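# Coordinate analysis (summary)
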Amino acid sequence: MTWVLSDDVTGFPGDAEDWLLRDPVRNTVPLTVLRGLRSGVFRDDNLCGWFVEDDQVAGAILHTPPYPLLLGAVPVRTLGALARELIAIDHTIPGISAPLEVAEAFAQVWWRPETSRRSERLYRLTTLAPHTTPGSSRTATAADRDHLVSWFRAFQNEAHVDRDADPTPLVSARTNREELVYWDDGGSPVSMAAFSQPIAGMSRIGPVYTPPELRGKGYGTAVTHAATAAAQAAGATEVLLFTDLSNPTSNSIYQKLGYVPVGDYASVFFT
């Protein structure tokens, strides 16, 4: 049994993608990032890997710097070997993002100490509940790109996520796929949410952003509802989202819309 690591995403085998697709809910982030890699969203120093046991793929990873390494639902028993392979190729890992038990197990075998972490919870939609916020939704277009980029940057800075990443390529790609939704009130955008075009029936909401001066008016609820409905209209049968467990407001909002917990995740960062 062994990990195979490659900086050529075109060599990511179909068996590894099939492994991710066996559990599209828990592997939601690697699956959407894999689509971004194939469409050229991320820069060149990427890494992909897959774990082979008895001639079968039993795990997969993706890394798109400066974002954390994505582990997905990787078997915990494989993480020691993964750490050794990453050290052997001298691959820099600023952090990892994974289901909680996977993240904690990797942190125990990685050679750099943990400096911080973000605790998250994955939710899935049951039945979408109505809302009463005034306004209307619309799909963002290429003409909105500069405004969207500014809001993505504001979200990154406020949420302390991916601060070193330029959101422009991602915004452009998601605008082209019609994945970005505005909530308008009074003729102007007051909130924004994204959804991913379905992969194996799975779509994920996020990010969701409302400027601080416009909060407390239900706009975040409304735009999340609109993005969820858009995901369903695109064919999603599983609609997911992540929440920051340090933000009780967002956790409450999403549950009122009909989202229920699936499991806990963590992003762990190293020196």
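The structure this text deals with has already been given above.
Residues numbered from 1 in each chain as written. Predicted model: local features only at pLDDT ≥ 70, side-chain atom pairs only at ≥ 80, totals over all residues. Heavy atoms only, no water.

### What about the overall build of the chain?
Within the chain, the secondary structure is distributed over eight helices and twelve strands. In terms of C-alpha radius of gyration, the chain reaches 18 Å, essentially the compact-globule figure of 18 Å for 271 residues. Expressed along its principal axes, the backbone C-alpha trace of the chain runs to roughly 60 × 35 × 35 Å. For the chain, with 271 residues in total, the buried portion stands at 50%. Sequence-distant contacts, at least 24 apart, represent 72% of the contacts inside the chain between residues at least 6 apart. In the form shown here, the chain has an accessible surface area of approximately 12100 Å², with 49% of it arising from carbon and sulfur atoms. Side chains of the chain give 22 positive and 31 negative charges; the mean places of these two sets differ by 5 Å. (Helix = DSSP H or I, 4+ residues; strand = E, 2+ residues; numbered from the N terminus. Rg over C-alpha atoms; globule rule 2.2 N^0.38 Å. Buried < 20%, exposed > 50% of the residue type's maximum accessible area, 1.4 Å probe, protein only. Contact = heavy atoms within 4.5 Å. Areas by Shrake-Rupley, 256 points an atom, 1.4 Å probe, with all protein chains shown as cover. Lys, Arg positive; Asp, Glu negative; His and termini not counted. Charge placed at Lys NZ, Arg CZ, Asp CG, Glu CD.)

### Considerations on the pairing of strand S11 (residues 238-244)
In terms of strand pairing, strand S6 (residues 114-125) meets S11 through five bridges, oriented antiparallel. Paired with Arg121 across the strands is Thr243, a residue of S11. Two elements, strand S10 (residues 202-209) and S11, share four bridges in a ladder whose sense is parallel. Bridge pairing links Ser203 to Val239 in S11. (Pairing = 2+ DSSP bridges.)

### Looking at the side chain of Asp184
Along the chain, Asp184 turns up in strand S8 (residues 180-185). Engagement of the side chain of Asp184 in a polar contact is seen with the side chain of Arg138, the distance being 2.8 Å. The residues touching Asp184, leaving out its near neighbours within four places in the chain, are Gly135, Ser136, Arg138, Pro189 and Val190. (Polar contact = N/O pair within 3.5 Å; in protein donor to acceptor, adjacent residues only side chain to side chain.)

### Concerning the layout of surface pockets
Approximately 250 Å³ is the volume attributed to the second largest pocket. Contributing to the lining of the second largest pocket are 13 residues, with Pro66, Asp162, Arg163, Asp164 and Phe269 lying nearest its centre. Among the residues making up the lining of the second largest pocket, the classes are represented as seven nonpolar, two polar and four charged. (1 Å grid on protein atoms, 1.4 Å probe; cavity = no way out; pocket = protein on both sides within 12 Å on 5 of 7 lines; lining within 4 Å. Points joined across faces, edges and corners; volume = space filled by probe spheres on them. Nonpolar A, V, L, I, M, F, W, Y, C, P; charged D, E, K, R; others polar.)

### Re helix H4 (residues 100-109)
Buried within H4 are the following residues: Val102, Ala103, Ala105, Phe106 and Ala107. Looking at the buried positions of H4, the neighbouring elements they touch are strand S4 (69-70), helix H3 (79-88), strand S5 (95-99), S6 and strand S12 (259-270).

### Overview of the pattern of salt bridges
One pass over the structure, following the stated rule, counts 16 salt bridges. Ionic pairing is found between Glu53 and Arg77, a salt bridge with its closest N-O pair at 2.8 Å. With Glu53 in strand S2 (residues 47-53) and Arg77 in the loop between S4 and H3, this pair connects stretches of sequence that are 24 residues apart. Of the residues examined, Arg77 reaches a relative accessible area of 54% and is grouped as exposed. For Glu238, the salt bridge identified is with Arg124, shortest N-O distance 2.9 Å. Here Glu238, found in strand S11, pairs with Arg124, found in strand S6; they are 114 residues apart in sequence, far enough to count as distant. If you follow the salt bridges from partner to partner, you end up with Arg35, Arg174, Arg177 and Glu179 in one network. (Salt bridge = Lys/Arg side-chain N within 4 Å of Asp/Glu carboxyl O.)

### As for the packing of H3 against H4
H4 packs onto H3 with a crossing angle of 50 degrees between their chain directions and a minimal axis gap of 9 Å. One finds that H3 runs oblique with respect to H4. The two elements H3 and H4 meet at a crossing, and its hand is right-handed. Residue-level contacts link Leu79, Gly80, Leu82, Ala83 and Leu86 of H3 to Val102, Ala105, Phe106 and Val109 of H4. The residue inventory of the contact of H3 with H4, partitioned by class, reads eight nonpolar, one polar and no charged. (Axes fitted to C-alpha atoms, helices over the stretch in contact; angles between N-to-C directions. Parallel < 35°, antiparallel > 145°, perpendicular 65-115°, else oblique. Left-handed = near helix turned anticlockwise from the far one by under 90°.)

### Quick word on the environment of Tyr265
Relative to the elements of secondary structure, Tyr265 occurs in strand S12. Residue Tyr265 is classed as buried on the basis of its relative accessible area, which comes to 7%. Spatially, the C-alpha atom of Tyr265 lies 21 Å from that of Pro198, the residues being 67 residues apart in sequence. Those residues within four positions of Tyr265 in sequence are excluded, and the remaining contacts are Val25, Arg26, Ala98, Pro99, Leu100, Arg118, Ser119, Glu120, Leu122 and Phe242. In this structure the side chain of Tyr265 is engaged in a polar contact, spanning 2.9 Å, whose partner is the backbone oxygen of Arg26.

### Side note on helix H7 (residues 219-233)
Between its first and last C-alpha, H7 extends 21 Å over 15 residues, near the 21 Å set by a 1.5 Å rise per residue. Burial analysis of H7 places eleven of its 15 residues in the buried class, the great majority of the element. The complete set of buried residues in H7 reads Tyr219, Gly220, Thr221, Ala222, Val223, Thr224, His225, Ala226, Ala227, Thr228 and Ala231. Phi for Gly235, located one or two positions after H7, is positive at around 110 degrees. (Expected span 1.5 Å × (residues − 1).)

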